[in-house]
Amino acid sequence: MNDRATVPTLENSAFFMPFSMNRQFKKAPRLIARAEGMHYYTPEGRKLIDGTSGLWCVNAGHCREKIVKAVQKQVAELDFAPAFQMGHPLAFEFADRIAALAPGDLKRVFFTNSGSESVDTALKLALAYHRARGEGHRIRLIGRERGYHGVNFGGTAVGGVVGNRKIFGALVAGVDHIRHTHDLEKNAFSRGQPKHGAELADDLERLCALHDASTIAAVIVEPVACSGGVLVPPVGYLERLRAICDKHGILLIFDEVITAWGRLGKPFGAQHFGVLPDLIATAKGITNGTVPMGAVFMRERIYQAFMTGPENAIEMPHGYTYSSHPLACAAGLATMQVYEEEGLLTRAAELWPYWEEQAHALKGLPNVIDIRNIGLIAAIELAPRAGAPGMRGLDAHTKAFEKGAYIRVAGDIIALAPPLIIRKEEIDQLFEIVRGVLKTTN
Ligand SMILES: Cc1ncc(COP(=O)(O)O)c(C=O)c1O
């Protein structure tokens, strides 16, 4: 079926699309008009299975009635409330609701509107925390190669995806990076955490020696680096990073914008790995993607470090006009209700073995050089075409759209992370489409 004929001409549209090939897209648009459950629908009504939960955010599936109704009710009741020196009850209720799910003593919550804002907020909290306790000399922030921490200045600076950094000048001073953990020679076709590479965490010791550990405020990593190509941490790696941070008084920040809210079979990735960070940045699935929102969780001692000094002083001169927006809180509360009622925060653990089998069954198809998986995430890495990295991945993306699936690619890596409501038959359908795509992508 050729749907393109009925799609409106977008070539002169004013819309400067984010993270997109604007000119190419506008010539041959891939539009989505409607969504329900596991599926998107094109303007012509063609059905697409959602292989990547929108942008890794629609964990409970699309247009869930409880969430839709909660947002509709809220917008008619309280459309906006200022969060500076004022409050509305839902903000406090929602903070307590999600704090109850958080690991260890990460029970204090700062609201933002996106993953990027959560990351920058976490970085600022780390710097301000050290200063509040008399260690203002801790000014450096450490990220990791191939990490993705959103697009604000702090997140871009600690991020390690070269293409996202190189055109934006010097970014933020005092930032350095540890090595990434991707090693196909040793770990190709790993199931779950790869065996080799825990020692890569020791790269942090190198930076501690280079900069002097007493100048480092925080290290930020994604427990699983998803947007940079689904890089699963080697066995023992995160534990080692935690130990090195403890040794040197450095805060460990987990960027769980993707791994929180059930993706790894627990509410938070930290709980799956059994490693407790000092701060956690989240967003996306916190409202099932319906209303923009993010939240940063921090340990009690970090919160308490700010609760000193005169009570008539603002403890944290930071926040956004839309922090704890009433619509986001309403959507978030309804989302948590759906997650709880349907057991979605642990469902990935149940589906994991089946998901893993189906993913690894693609081994041997043309150009497939690696398959890796964790929780309800899988990546299929394709060999790049000579002189044209990323083009094979792009072809796979567009072919999947033609064949009835929406999937994300990072360069030549296909990343799959469907809504956590997916049924086994739908897992089969998704991988069948990917199989067809791989067979016909040269
Ligand atoms: C780990 C991580 N951090 C931060 C972000 C940025 O989130 P947002 O696009 O909501 O700003 C993303 C987005 O994919 C992400 O995956």
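Heads up: the structure comes first, above all this text.
None of the values given here were measured: they were computed from a predicted structure.

Asks: Before we go on, may I ask you to explain the sheet that holds strand 9 (residues 279-282) in this structure?
Replies: Hydrogen bonds between backbone atoms are what pair the strands of a sheet, whose relative direction is either parallel or antiparallel. Taken in spatial order, the seven strands line up as 4-10-9-8-7-5-6 in an open sheet, and their pairing is mixed. For this open sheet the edge positions go to strand 4 (108-112) and strand 6 (175-178), each flanked by a neighbour on one side alone. On average, adjacent strands in this sheet sit at an angle of 20° to one another, irrespective of strand direction. Both strand 9 and strand 10 (residues 294-298) contribute to a ladder of four bridges, which runs antiparallel. Pairing of L279 across the sheet is with M298, part of strand 10. The sheet strands contacting helix 10 (residues 237-248) are strand 5 (140-144), strand 6, strand 7 (216-221) and strand 8 (251-255), and the helix crosses strand 8 at an angle near 145°.

Asks: What am I meant to see in the side chain of R392 here?
Replies: Among the structural elements, R392 can be located in helix 15 (residues 391-403). Nearest to the buried, unbridged R392 among oppositely charged side chains is D412, at 6.2 Å. A polar side-chain atom of R392 sits 2.6 Å from the main-chain carbonyl oxygen of A383. Those residues within four positions of R392 in sequence are excluded, and the remaining contacts are N367, L382, A383, P384, R385, D412, T441 and N442.

Asks: Help me understand the site of the ligand, please; the structure alone is not making it clear to me.
Replies: The local shell around the ligand consists of S114, G115, S116, Y148, H149, G150, E222, S227, D255, V257, I258 and K284. Take Y148: an N or O atom from its main chain is 3.5 Å from a nitrogen atom of the ligand. D255 places a polar side-chain atom, nitrogen or oxygen, 2.7 Å from a nitrogen atom of the ligand. Considered on its own, the ligand offers 390 Å² of accessible surface; in the complex 83% of this is hidden by protein. A breakdown of the residues in the shell around the ligand according to their chemical character gives three nonpolar, six polar and three charged.

Asks: It is not clear to me how the packing of helix 14 (residues 344-360) against helix 16 (residues 424-440) should be interpreted in this structure. Could you clarify?
Replies: Relative placement of two packed helices is described by the angle separating their axes and the distance separating the axes. It is the contact of helix 14 with helix 16, at a shortest axis distance of 10 Å, that shows an interaxial angle of 20°. Here helix 14 lies roughly parallel to helix 16, going by the angle between them. Every pair of crossing elements has a handedness; the one defined by helix 14 and helix 16 is right-handed. From helix 14, L351, Y354, W355, Q358 and A359 reach across to helix 16, where they touch K424, I427, D428, L430 and F431. When its residues are assigned to classes, the contact of helix 14 with helix 16 shows seven nonpolar, one polar and two charged.

Asks: What is the right way to look at helix 14 in this model?
Replies: The α-helix winds at 3.6 residues per turn, so residues separated by three or four positions along the chain end up facing the same way. In this model, helix 14 (17 residues) spans 24 Å end to end at C-alpha, consistent with the 24 Å of a helix rising 1.5 Å per residue. The sharpest bend along helix 14 comes to roughly 50°, located at W352, with the proline P353 sitting one to four residues further on. For helix 14, the full list of buried residues reads L344, L345, R347, A348, L351, W352, W355, E356, A359 and H360. Residues of helix 14 that are buried in the fold lie against helix 11 (269-273), helix 13 (326-341), strand 11 (368-374), strand 12 (377-382), strand 15 (413-416) and helix 16.

Asks: Help me understand the sheet that holds strand 12 in this model?
Replies: One open sheet accounts for four strands, arranged 11-12-15-14; its pairing is antiparallel. The open sheet has two edge strands with one neighbour each: strand 11 and strand 14 (408-410). Geometrically, the sheet is characterised by an average inter-axis angle of 20° between neighbouring strands, direction not taken into account. Relative to strand 12, strand 11 runs antiparallel, the two sharing six bridges. Among the inter-strand pairings, N373 is bridged to a residue of strand 12, identified as A378. Lying over the sheet, helix 14 contacts strand 11, strand 12 and strand 15, oriented at roughly 175° with respect to strand 11.

The rules behind the values
- Residues numbered from 1 in each chain as written.
- Predicted model: local features only at pLDDT ≥ 70, side-chain atom pairs only at ≥ 80, totals over all residues.
- Heavy atoms only, no water.
- Pairing = 2+ DSSP bridges.
- Helix = DSSP H or I, 4+ residues; strand = E, 2+ residues; numbered from the N terminus.
- Axes fitted to C-alpha atoms, helices over the stretch in contact; angles between N-to-C directions.
- Contact = heavy atoms within 4.5 Å.
- Buried < 20%, exposed > 50% of the residue type's maximum accessible area, 1.4 Å probe, protein only.
- Lys, Arg positive; Asp, Glu negative; His and termini not counted.
- Salt bridge = Lys/Arg side-chain N within 4 Å of Asp/Glu carboxyl O.
- Polar contact = N/O pair within 3.5 Å; in protein donor to acceptor, adjacent residues only side chain to side chain.
- Near = heavy atom within 4 Å.
- Areas by Shrake-Rupley, 256 points an atom, 1.4 Å probe, with all protein chains shown as cover.
- Nonpolar A, V, L, I, M, F, W, Y, C, P; charged D, E, K, R; others polar.
- Parallel < 35°, antiparallel > 145°, perpendicular 65-115°, else oblique.
- Left-handed = near helix turned anticlockwise from the far one by under 90°.
- Expected span 1.5 Å × (residues − 1).
- Bend = angle between axes of the 7 residues up to and from the residue.

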